[in-house]
Amino acid sequence: MTRPQAEKQATLGFSTGLLCAGLMFLLAGCGFHLRGAVDIPPGLEPIYIQSGGLVGQAIDERLRGSGVPVTTVATEAGMILRILGQSRSSRVVAVDRTGKALAYALEFQIGFDAVEASGQALIPEQRITLERTFDDNPDVAVLGKQLESDIIYQDMADDAADQVLLRLRAAVAARSRGAQPAPQVQAPSQHAPLAAPVAQ
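Student: Quick rundown of the overall build of the protein? Include the residues and the values.
Tutor: Check the secondary structure of the protein and you find three helices and five strands. Looking at the protein as a whole, 36% of its 200 residues are labelled buried. In the protein, 71% of the contacts between residues at least 6 apart in sequence involve partners at least 24 apart. Counting every atom, the protein has about 12200 Å² of accessible surface; 58% of that belongs to carbon and sulfur.

Student: Break down the pairing of strand S4 (residues 101–116) for me, with residues and values.
Tutor: Each regular strand shows side chains that alternate between the opposite faces of the sheet. Taken across its 16 residues, S4 has 14 buried, putting it largely inside the fold. The pairing of strand S3 (residues 79–95) with S4 spans 15 bridges and is antiparallel. Across the sheet, the residue bridging to valine 95 is alanine 101, located in S4. What sits between S3 and S4 in their antiparallel hairpin is a turn of five residues, with glycine 99 showing a positive phi close to 90°. A loop of four residues connects S4 with strand S5 (residues 121–135), the two strands running antiparallel in sequence, and glycine 119 in this loop sits at a positive phi of about 100°.

Student: Please provide a residue-by-residue account of the environment of tyrosine 48, values included.
Tutor: Inspection of the secondary structure puts tyrosine 48 in strand S1 (residues 47–50). When the C-alpha positions of tyrosine 48 and threonine 72 are compared, they lie 6.0 Å apart, and in sequence the two are 24 residues distant.

Student: Residue-level account of the sheet that holds S4, with values.
Tutor: As a general point, the strands of a sheet are linked pairwise by backbone hydrogen bonds and lie either parallel or antiparallel. Spatially, the five strands line up as an open sheet ordered S2-S1-S3-S4-S5, and their pairing is mixed. Both outer strands of the open sheet, strand S2 (70–71) and S5, are each paired with one neighbouring strand and no more. Of the strands in this sheet, S1, S2, S3 and S4 touch helix H2 (residues 53–65), which is tilted by about 125° from S3.

Student: Break down the environment of isoleucine 80 for me, citing the residues and quoting the values.
Tutor: With respect to the element layout, isoleucine 80 can be found in strand S3. The spatial distance from the C-alpha of isoleucine 80 to the C-alpha of alanine 121 is 9.7 Å, given a sequence separation of 41 residues. Residue contacts for isoleucine 80: discarding those within four places in its chain leaves Tyr48, Gln50, Ala74, Asp113, Ala114 and Val115.

Student: Describe the side chain of arginine 82, and please don't skip the residues or the numbers.
Tutor: Inspection of the secondary structure puts arginine 82 in strand S3. Only 2.6 Å separates the side chain of arginine 82 from the side chain of aspartate 113, close enough to count as a polar contact.

Student: Help me get a handle on the confidence of the model for the protein, residues and values and all.
Tutor: With 66% of its residues at a pLDDT of at least 70, the protein reaches an overall mean of 76. Mean pLDDT values for the elements of the protein range from 43 in helix H1 (residues 3–29) up to 96 in S1. For residues 5–36, every residue scores under 50 in pLDDT, and the model assigns this stretch 14 contacts once sequence neighbours within four places are set aside. Contacts of residues 183–200 to residues separated by more than four positions or lying in other chains number 36 contacts, the stretch itself having pLDDT below 50.

Rules used in this analysis
- Residues numbered from 1 in each chain as written.
- Predicted model: local features only at pLDDT ≥ 70, side-chain atom pairs only at ≥ 80, totals over all residues.
- Heavy atoms only, no water.
- Helix = DSSP H or I, 4+ residues; strand = E, 2+ residues; numbered from the N terminus.
- Buried < 20%, exposed > 50% of the residue type's maximum accessible area, 1.4 Å probe, protein only.
- Contact = heavy atoms within 4.5 Å.
- Areas by Shrake-Rupley, 256 points an atom, 1.4 Å probe, with all protein chains shown as cover.
- Pairing = 2+ DSSP bridges.
- Axes fitted to C-alpha atoms, helices over the stretch in contact; angles between N-to-C directions.
- Polar contact = N/O pair within 3.5 Å; in protein donor to acceptor, adjacent residues only side chain to side chain.
- pLDDT = per-residue confidence, 0-100.

Next up, the structure:
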C-alpha cells in the first residue's frame, strides 16, 4: 500500500469513527435507551426485586445493564418490585388422524406489583400472559423437546420482563408528572404462586 493510500484509509477510518460517535450522541439526545431501561428518580432507588424467578432474573439483568441501582436488601430499597407468582402450562392445539398431538400452545403467566418504601402502591397488582406455539416433532427425542420448550419459556420470561419494565416506566413517568397516586397497600408476608402445571 502506497503512502497516499494509507493516509486516505486512515482518514476514512477517522471519519467513520466520528460519524458513529455522532450517531450515538444523537441517539442519546433523542432519549434512546437500552432495551428494558427505566429512568428511576433518586427517591425510588435502589430497587429490590422480590421472589424473582425467571422474570425477576431478566429484570435484574436489564436494570443493572442500564445502570439502575438494584439491592438485595429489602430494607434498603426505595421501591420494591414484587413478582407475585409465575406459572407455565401447555395444551394440545393440533392432533393427527390417530389423535397424536402435533402441536402445543405454551403459556407463561406472571403476576406482579410495585410499591414504594412508604407502602404507597406504584403499580397495582397486574398479570401478564404470553403464549407460543410448539410443534411436537416425532423425530426429536424427548429430552430435545424438553430443551426446546424450556428455551421457549425462557424467551417468554424475557418478553414478560420487558413488559413489566414498560409498565414500570409508565408508572414512574406518571408519578413524576404528579398524577394521582394509587392507594396504599399492605405488603403481604407471602404470596401463593400462580397454580398451573406443565403438561407433558
